[in-house]
Amino acid sequence: MIESFREDVLHGLKDYPKRLQSKYFYDENGTALFQRIMDMSTYYLTACELEIFRDKTVELAEVLRVEQEPFDLIELGAGDAMKSSFLLKHLVGKKVDFNYMPIDICGQVLSALRDRLKQDLPGLTVIPLYGEYLEMLRKATEQSDRRKIVLFLGSNIGNMELEDAHGLCRSVNRQLKVGDTMLIGFDLQKNPHTVLQAYNDKEGITEAFNLNLLERINRELDADFNITAFQHYQTYDPMDGGCRSYLVSLIDQTIRIGEEFISFRVNEPVAVEISRKYTALEIDRMAIESGFAPITQIADSKNWFVDAVWLVN
Ligand SMILES: C[S@@+](CC[C@H](N)C(=O)[O-])C[C@H]1O[C@@H](n2cnc3c(N)ncnc32)[C@H](O)[C@@H]1O
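Residues numbered from 1 in each chain as written. Predicted model: local features only at pLDDT ≥ 70, side-chain atom pairs only at ≥ 80, totals over all residues. Heavy atoms only, no water.

### Here we look at the domain arrangement of the chain
Here comes step 1: Here the domain parsing of the chain yields domain 1 (2-38 + 204-274) and domain 2 (44-191 + 283-312).
Here comes step 2: Averaged C-alpha coordinates put domain 1 and domain 2 at centres separated by 28 Å.
Here comes step 3: Taken together, the 14 residues of domain 1 in the interface contact 13 residues of domain 2.
Here comes step 4: Overall, the association of domain 1 and domain 2 removes approximately 1100 Å² of surface from exposure, summing both partners, and the carbon and sulfur fraction of that is 46%.
Here comes step 5: Connecting domain 1 to domain 2 are two salt bridges.
Here comes step 6: Arg244 serves as the salt-bridge partner of Glu161, at 2.9 Å between the closest nitrogen and oxygen.
Here comes step 7: Counting every contact that joins domain 1 to domain 2 gives five residue pairs in polar contact (both at pLDDT 80 or more).
Here comes step 8: When contributions to the side of domain 1 that touches domain 2 are tallied by element, the ones reaching two or more residues are α2 (28-39) and β12 (269-274).
Here comes step 9: In terms of residues, the side of domain 1 that touches domain 2 owes the most to one element, α2, which gives four residues.
Here comes step 10: When its residues are assigned to classes, the side of domain 1 that touches domain 2 shows five nonpolar, four polar and five charged. (Domains from an automatic or database assignment. Contact = heavy atoms within 4.5 Å. Buried area = accessible area lost by both parts, 1.4 Å probe. Salt bridge = Lys/Arg side-chain N within 4 Å of Asp/Glu carboxyl O. Polar contact = N/O pair within 3.5 Å; in protein donor to acceptor, adjacent residues only side chain to side chain. Helix = DSSP H or I, 4+ residues; strand = E, 2+ residues; numbered from the N terminus. Nonpolar A, V, L, I, M, F, W, Y, C, P; charged D, E, K, R; others polar.)

In structure tokens form, the structure reads like this:
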């Protein structure tokens, strides 16, 4: 995994404009910083989706048709599974026959999750899958013939450009069979100030989270980024729903990464993350274009966030 990290970092920083992939945010430090982001009152996404999973658990279970036959519940980018735990608890309580397969590229996150679930839900069969979404989904589909329910929460889909998001959904669809279901969390377009504030806190937690990516490159790829010579910059474009994070070089500088050298001009931006916001119509269109039938969208009480349920038919 370290080799693909090195390749992706060098490829992105040699490109123009420069970019880094947000999936590399989540080392141990990044995961701890993301927990602090989720606790911020301005970061509404977690509270909205948590409300759906806490208050609409029965509706979710019904629409996912969990009572029909044994199934595998696969979660892409499970993280701490804070939201899905409400569903897991409900299913275990109802003695539903299912295996839980959390997928994540952060090994520490996965082992912490396995340990917590062992304690909180001892009756649950947990099969952690350490690696990339699609590779691990393939592993899961090879392991059993059970019906699959795939969860993709936290608006992780928003961390992809539109084309890549469509591509991922198509690839997931190809690995699934008729009758399988996917549930995806989407952050909806809303007042632009509300969106921007969620990614631009005054305490600097989001800035620290983004800068940690440079620190991770220093730690793991033998680089010499001076973190104080970069600054976090956030934009939101309400016309296309793109909320984008950049790291801006504050000076002309050359950075060493292993044996390679990368130059940055003063004020040169590096794109580090997109958090795309969707409309309800775009979500249904994405389902259809990637081969699913859109079944329903379950919203929180503010109608800021939806979990969309799609069926393979
Ligand atoms: C924003 S967190 C969301 C966690 C959880 N789904 C939630 O809604 O709270 C994203 C998680 O996805 C994982 N992740 C990001 N990109 C991934 C990828 N390409 N393959 C597997 N896991 C990934 C990260 O390690 C992290 O734990």
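Anyway, onward from the coordinates.
### A word on the sheet that holds strand β1 (residues 18-19)
Here comes step 1: Taken in spatial order, the four strands line up as β1-β12-β9-β8 in an open sheet, and their pairing is mixed. Sheet topology places β1 and β8 (230-237) at the edges, where each strand pairs with a single neighbour.
Here comes step 2: Bridge count between strand β9 (residues 242-249) and β12: five bridges; the pairing is antiparallel. Directly across from Tyr246, in β12, lies its bridge partner Ala271.
Here comes step 3: Here helix α10 (residues 205-221) sits on the sheet and contacts β8, β9 and β12; the angle it forms with β8, its principal contact strand, is near 120°. (Pairing = 2+ DSSP bridges. Axes fitted to C-alpha atoms, helices over the stretch in contact; angles between N-to-C directions.)

### Brief notes about the UniProt feature "domain: Histidine-specific methyltransferase SAM-dependent" (unreviewed entry) in the chain
Here comes step 1: The positions UniProt marks with the feature "domain: Histidine-specific methyltransferase SAM-dependent" (unreviewed entry) are residues 5-309.
Here comes step 2: In the segment residues 5-309, helix accounts for 41% and strand for 25%; the C-alpha atoms at its two ends are 33 Å apart. (UniProt positions renumbered as here; feature names shortened; annotations may be inferred.)

### Remarks on the site of the ligand
Here comes step 1: Neighbouring the ligand are 16 residues, the closest being Tyr26, Gly77, Lys83, Asp104 and Glu132.
Here comes step 2: In the environment of the ligand, an oxygen atom lies 2.5 Å from a nitrogen or oxygen atom belonging to the side chain of Asp104.
Here comes step 3: Measuring from a nitrogen atom of the ligand, one finds a backbone N or O atom of Ile105 at 3.2 Å.
Here comes step 4: Surface burial for the ligand is 93%, taken as the share of its 600 Å² of free accessible area covered by protein chains.
Here comes step 5: Across the shell around the ligand, the residue classes tally to seven nonpolar, five polar and four charged.
Here comes step 6: There are two domains that each give the shell around the ligand at least three residues, and those are domain 1 (2-38 + 204-274) and domain 2 (44-191 + 283-312). (Near = heavy atom within 4 Å. Areas by Shrake-Rupley, 256 points an atom, 1.4 Å probe, with all protein chains shown as cover.)

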